Structures are given as C-alpha cells and as structure tokens.
Amino acid sequence: MNKRNETEVLIVGAGAAGLVLALSLHEIGVDCRVYEAVPEIKAVGAGINLLPHAVKELDELGLVPALDQVGIRTKDASYFNRHGQHIYTEPAGEAAGYHWPQFSLHRGDMQKVFLDAVLDRLGPGIVVTGHRCTGVDQDDDGARAHFVDRDGQPLRSVRASVVVSCDGINSALRKQFYPDEGEPIYAGLTIWRGVTPWPPFLSGANTARIGWMSVGKLMVYPIRDSIDEEGNQLVNFVATLERPKPDSYDWNVEARLEDFFQPYADWYFDWLDVPGLLKKTDPILVFPMVDRDPLPTWTFGRITLMGDAAHPMYPRGSNGAGQAILDARCLTRCFKRRAVTAEALHDYDRARVEATAKVVLMTRANPPDAILREVHERTGGKPFDNVDEVISQAELREISERYKAVAGFRVENLSTRASFA
C-alpha cells in the first residue's frame, strides 16, 4: 500500500455488498475500512431471500451457522392465482438438490450477521458511521473520498488505494460519473411490505406468490421460526399493485392499510387468511418499484461501483442482495490475482457488468413471477378447472429455469462452479 493512503480499499456503504466485501478482503489480507452515512446502523426493511448462489459464497466466509440462527431454510416455492388455486410448486434450496440452502430472513437480521462478523474479525473501528460520501477524486497513486455529516457539514477526507461505492440506488459516486442519468426508472408498480406473527402455512418454509399486478399480487413467506409460545412464525408479505408514478421516491415511508387493502379484501384461502394477515401488520412500509438501466462500465480508474450502486433491480427475483454478494466476492478474487490495483478493478468490471445487466433486464421481462402473468393472461383472471389445460408443467419449469440460468444459480452449474473468491 502506498504510504500516502490510509487504507488499501475504502468501502462506501455498510449494506450487504460493503460488509461482505470487507469480510472477503480480510480473508485475503487486504486492509479496508467501511464508511456508512447513517449515524447508527439499525434493523430496517422487511424480508429478504438469499438464494443458493449467494449462500455458497457466504458459506466460504463461515456465515451459514449465524444465518441459521436468524433465518429459515426455504423448502419450496409455490404459485397461486388470485382465487387461491394452485398453479405450480417447485423445491428450493437443498430440497432442489443444491449443496447450499436458500435462506428467508429479515433484512435487518442479515445485515446484523454481516456486521457482527466484520466487527468481530476486523475490529470495532473498521466501520465508521455518520459519514456520507459526496464525491471522490483520484491520482495515479490512489483516490480521496470526501464526506459530510448528517447536517451536511464537511468531515475529513480519506485517501485509499481504491474506492468501492456500495452506497445504493442513489449512489453519490454513480451520479458523479453519470451526472445526466436522472432519477430511478419507475415500473408503474408500488410495493407495500410488512412483517407480523402468523401460524405456519403450507410447508412452513414456503415462498408463495399469488395473483398478478393488475388485480393484486402478493408474495408471502416466513422469516423467523417459533417466535412465541403459540409456535407462530414471523411472516413477511410483499403486496404489489399497478399505481401512477409517485410525486417523490422515498424508501422510508409508513403506509396506511386502506392505501392498498381493497384488492386483497376477499382473499380467504384454506391455507392463508390474507385480509387477516394484512390487518395484523404494523407498521406497513411503502416503496416504489424502481431500477436503473444497465451501465456500460462501473469502473473509473481507481474507483468502482458495486451492488445497488452498480445494478439496482426490481425485487421480483429475490436476487438483488445475492448479486451484490457475488460482486463482492468477484472483486476480492480480482484483488487476490492482481493486487489492489486499477487493473483488478477493470477485471472485475469485465466479469460483472455484462452478467448483471442480463439479470436486470431478465428481472424486468421474465422474473419467476412471470408464471403468474402467463396464467392470469391466459385465463383472463378467472378461475380455471384444470391448470394443465391453461399451461403445461414443462412450460412452468422452463420459465423458472430460464431465470435461474441468467441469474447464475441452476443446480447443475452451481454445484460445479468454483467459488467467486
């Protein structure tokens, strides 16, 4: 490391990408430090899925036991129309033949697992909070990141050999290099999310997708087991409806039940009381479904982008955090081979930009819930007598397998592929 630089790798953002990158760099002996904008890292958000390709990388870091303490190993995924009629079920995680589980868990629990591991392995001073990055400049020997506090007052700038921007969809560094990009692209869909105690349903470890956007789509799955004496689980729901573009994008707004409840008011199924689940949830969070167009490059000299700063995608394939984890592990492999250099950043760019662009575009066009779209359109949203007369099991499997192939977690490929790092 150049003596003028305070650390080899400066990581902007303490989300999944930044923390997994810190853990991975520590494994290969590369010095790093993480700078986070919020003054205190707290559990925020709702449920999240970690698919087997991401868990494989986390297993390399020894994190699976900690994830088992806070999450549920997903067993299967099911699809139903808005009338509660079963369309398709496929096994998930180990039940599907993977060597690694799929986890359903709370986003805050996932982040805490990563953060606790970073603080334990790298030391308590490695994550610096209350530092919002406003920009970076660079020279031949390194880069300097500039910060302000929560009130916008300047803080001391920090030099590093390279800077990795993991600061999310509204990344300041992405905006620095793409100043004309504009705001995120709205999909015409709004999402309401929440978690609440609820009795186990279906297999007790199922990810269920129901309905379709125009009439109400719901994704529901458990994220913690046996949370009380009644044996309830903590259950996460994601309700999605077509809505006009909001006046502003805000990811931290609480919603009212009446804002979205009506389309789900008669969804009483023999395996799930949807109105009861929604009514019991407090708080409910609302999010615009947005992403950004893929970029031609993430890397500019000694600066690169990662995770949602590089490739934000719709939350329709349970794959955003997973791709961020793959980014972190890939960059670590590049540093391991080429040292902490601009050349390593460009190797990472070549490996990940095209791969993630395909995932972003597939998530727009044909994510796993395309199964619901096909059935809804072919039936006109009406009940069916026999799903096999609407769509074949082979076609349903093909929709699912096509997404897995693009996203990089088909069973046969993942079992033989080396770790990203």
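Reference entry: report on the structure contained in this document. Just so it is clear, the model here is predicted, and its values are computed rather than measured.

For the structure shown, the criterion picks out zero disulfides. C32 takes part in no disulfide bond, and the closest cysteine sulfur to it belongs to C166, at a distance of 10 Å.

A few words now on the environment of A321. Mapped onto the fold, A321 is located in helix α7 (residues 320–338). You can call A321 buried: its relative accessible area is 12%. Measuring from C-alpha to C-alpha, the distance between A321 and N49 comes to 8.1 Å, with 272 residues separating the pair along the chain. Contact partners of A321, with chain neighbours within four places excluded, come to I48 and L50.

Read from one edge of the open sheet, eight strands run β6-β5-β13-β14-β15-β12-β17-β16, paired in mixed fashion. Pairing within the sheet leaves two strands with one partner each, and these edge strands are β6 (86–91) and β16 (253–254). In the sheet, strand β13 (residues 206–212) pairs with strand β14 (residues 216–224) via five bridges, with the strands oriented antiparallel. Its bridge partner being in β14, R209 is matched across the sheet by M219. Sitting on the sheet, helix α9 (residues 370–379) touches β5 (76–80), β6, β13 and β14, and the angle it makes with β13 is about 35 degrees.

Each strand in a sheet pairs with another by means of backbone hydrogen bonds, the pair being arranged parallel or else antiparallel. Strand order in the open sheet formed by three strands is β3-β7-β4, and the pairing between neighbours is antiparallel. Among the strands making up the open sheet, the edge pair consists of β3 (47–50) and β4 (72–73).

A cis amide bond links D282 to the next residue, P283, at an omega of 0 degrees. The topology assignment puts P283 in the loop between α6 (274–280) and β17 (285–291). A positive phi angle, near 45 degrees, is found at S226, a position not held by glycine. Here S226 shows up in the loop between β14 and β15 (233–242). Here S318, not a glycine, exhibits a phi torsion of approximately 55 degrees, which is positive.

Next up on the list: the packing of helix α1 (residues 16–27) against α7. Helix-helix packing: each pair is described by the crossing angle between the helix axes and the interaxial distance. For the pair α1 and α7, interaxial distance at closest approach is 8 Å and the crossing angle is 30 degrees. Taken together, α1 and α7 sit at an angle that is classed as roughly parallel. Every pair of crossing elements has a handedness; the one defined by α1 and α7 is right-handed. Residues A17, V20, L21, S24 and L25 of α1 form the contact with α7, whose own contacting residues are A324, I325, A328, R329, L331, T332 and F335.

The next point concerns the nonpolar core. Residues V9, L10, I11, L50, F114, M306 and F335 are the most contacted members of the largest nonpolar core, which totals 79 residues. With residues near it in sequence (within four places) discarded, V9 still touches L25, V30, D31, C32, R33, A160, V162, V164, F335 and V340.

Throughout the structure, instances matching the rule amount to 14 aromatic pairs. On the basis of an interplanar angle of 65 degrees and a centroid distance of 6.3 Å, the ring pair of F260 and Y264 is categorised as edge-to-face. Per residue, the accessibility class of F260 equals that of Y264, and both read buried. The rings of F80, W192, F201, F237, F260, Y264, W267, F269 and W271 are connected pair by pair, giving a single aromatic cluster.

With respect to burial, β5 is a largely interior element, five of its five residues being buried. By the alternation rule, side chains of β5 split into D76, S78 and F80 and A77 and Y79, which are all buried. Direction of pairing for β5 relative to β6: antiparallel, over a ladder of five bridges. Across the sheet, the residue bridging to Y79 is Y88, located in β6. Count of turn residues in the β5/β6 antiparallel hairpin: five residues, of which G84 carries a positive phi of about 85 degrees.

The rules we used
- Residues numbered from 1 in each chain as written.
- Predicted model: local features only at pLDDT ≥ 70, side-chain atom pairs only at ≥ 80, totals over all residues.
- Heavy atoms only, no water.
- Disulfide = S-S within 2.5 Å.
- Helix = DSSP H or I, 4+ residues; strand = E, 2+ residues; numbered from the N terminus.
- Buried < 20%, exposed > 50% of the residue type's maximum accessible area, 1.4 Å probe, protein only.
- Contact = heavy atoms within 4.5 Å.
- Pairing = 2+ DSSP bridges.
- Axes fitted to C-alpha atoms, helices over the stretch in contact; angles between N-to-C directions.
- Parallel < 35°, antiparallel > 145°, perpendicular 65-115°, else oblique.
- Left-handed = near helix turned anticlockwise from the far one by under 90°.
- Core = buried A, V, L, I, M, F, W, Y, C linked by side-chain atoms within 4.5 Å.
- Phe/Tyr/Trp six-rings, centres within 6.5 Å; stacked < 30°, edge-to-face > 60°.

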